[in-house]
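The residues making up each chain are set out below.
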Amino acid sequence: MDDRNLEHLLRLLPPAPESWVRTAQELPFVRDEIDSILERAGSSPTFRDALRKDASGALRQEGYELADDVVAHILRRLPPADA
Amino acid sequence: MSETPVHALVERCRRGDQDAWRELVATHSRYVYAIIMRVFRLPPDEAEDVFQDVFSRVFERLEMLRDDDALVAWIGQLTRRLCIDHLRRRRDTLELTDETAGAVDDQLEQLELALVVRQALEGLSQPCRDILDRFFCREQPYVVIGAELGIAAGTIASRISRCLARLRASLEGRQPAQRPSERR
């Protein structure tokens, strides 16, 4: 393998964004909590609005201690505002 | 790449060992990211969802992997399938012709080769690893590398050249990853 080929192969694998990696490392271990939060957000507009206003605060109040990256993951999966 | 044998790492993940899972994700995140971004060119907001979906499914389905040494290829095939599923949902229909599928396979093979190079890179000394990763993978300019590593920018090219030579030497005798024993 010559240097040019080697350089090409090195360039093919840039790092994934750190927040993506951290989230993937955490998710399997908080899956039940996430499912429960999303289920409740789907059925309770009040809880959903509270999450949109201050997700970390609303979750802490409910007794959840989740990493910021996981909270961001939950926010991306919230049902639409008019759901 | 970790020095932990793959099957030992996978076994620990199957037992729910969070440190092992962190290591597995860290080790394979570049590969999954490259498939999603380079091969299928998903936009970043959609790419992250697929990225998380891939690792969630890897965790859930590790029991289904019959040959732990085929982990890399299995993850590659899973990522490929989830990207295609995503594109089909988004565009309603996706024509995956033989030609397209062949091109995807070629790119996946290139990435598997890149992963072998990456594994060899992980075996080099920290300074070599750092300088090659910064220059080629993170595309940092000499001035940034020099400032962050505390070395003269004028010596960076020669250091890169020496480290590439070491990388090439360490690659001698290495074999590409096995094909997956389990695909869906």
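> Explain the packing of aromatic side chains to me, and be specific about the residues and the numbers.
Aromatic rings in a pair are described by how distant their centres are and how their planes are angled relative to each other. Residues and elements named next belong to chain B. Tallying each qualifying case throughout the model produces eight aromatic pairs over all chains. With centroids separated by 4.9 Å and ring planes inclined at 80 degrees, the aromatic side chains of Phe 135 and Phe 136 adopt a geometry described as edge-to-face. With a centroid separation of 5.4 Å and 45 degrees between ring planes, the pair formed by Phe 135 and Tyr 142 is classed as tilted. Given the relative accessible area of 22%, Phe 135 is considered partly exposed. Accessibility expressed as a relative area gives 33% for Tyr 142, which makes it partly exposed.

> Tell me about the interface of chain A and chain B, residues and numbers included.
Taken together, the contact between chain A and chain B spans 27 residues of the former and 38 residues of the latter. Summed over both partners, the interface of chain A with chain B comes to about 3200 Å²; 65% of that surface belongs to carbon and sulfur atoms. Looking only at chain A, the three residues that lose the most surface to chain B are Leu 10, Leu 13 and Trp 20 of chain A, adding up to 25% of its buried area. Viewed at the interface, chain B and chain A are joined by five salt bridges. With a shortest N-O distance of 3.2 Å, Asp 49 of chain B and Arg 77 of chain A are connected by a salt bridge. Counting across the interface, chain A meets chain B through 14 residue pairs in polar contact (both at pLDDT 80 or more). Residue contributions to the side of chain A that touches chain B peak at seven residues, all from helix H1 (residues 3-11) of chain A. Across the side of chain A that touches chain B, the residue classes tally to 16 nonpolar, four polar and seven charged.

Scoring rules and cut-offs
Residues numbered from 1 in each chain as written. Chains lettered and ligands numbered in written order. Predicted model: local features only at pLDDT ≥ 70, side-chain atom pairs only at ≥ 80, totals over all residues. Heavy atoms only, no water. Phe/Tyr/Trp six-rings, centres within 6.5 Å; stacked < 30°, edge-to-face > 60°. Buried < 20%, exposed > 50% of the residue type's maximum accessible area, 1.4 Å probe, protein only. Contact = heavy atoms within 4.5 Å. Buried area = accessible area lost by both parts, 1.4 Å probe. Salt bridge = Lys/Arg side-chain N within 4 Å of Asp/Glu carboxyl O. Polar contact = N/O pair within 3.5 Å; in protein donor to acceptor, adjacent residues only side chain to side chain. Helix = DSSP H or I, 4+ residues; strand = E, 2+ residues; numbered from the N terminus. Nonpolar A, V, L, I, M, F, W, Y, C, P; charged D, E, K, R; others polar.

In short, geometric facts, not functional conclusions.
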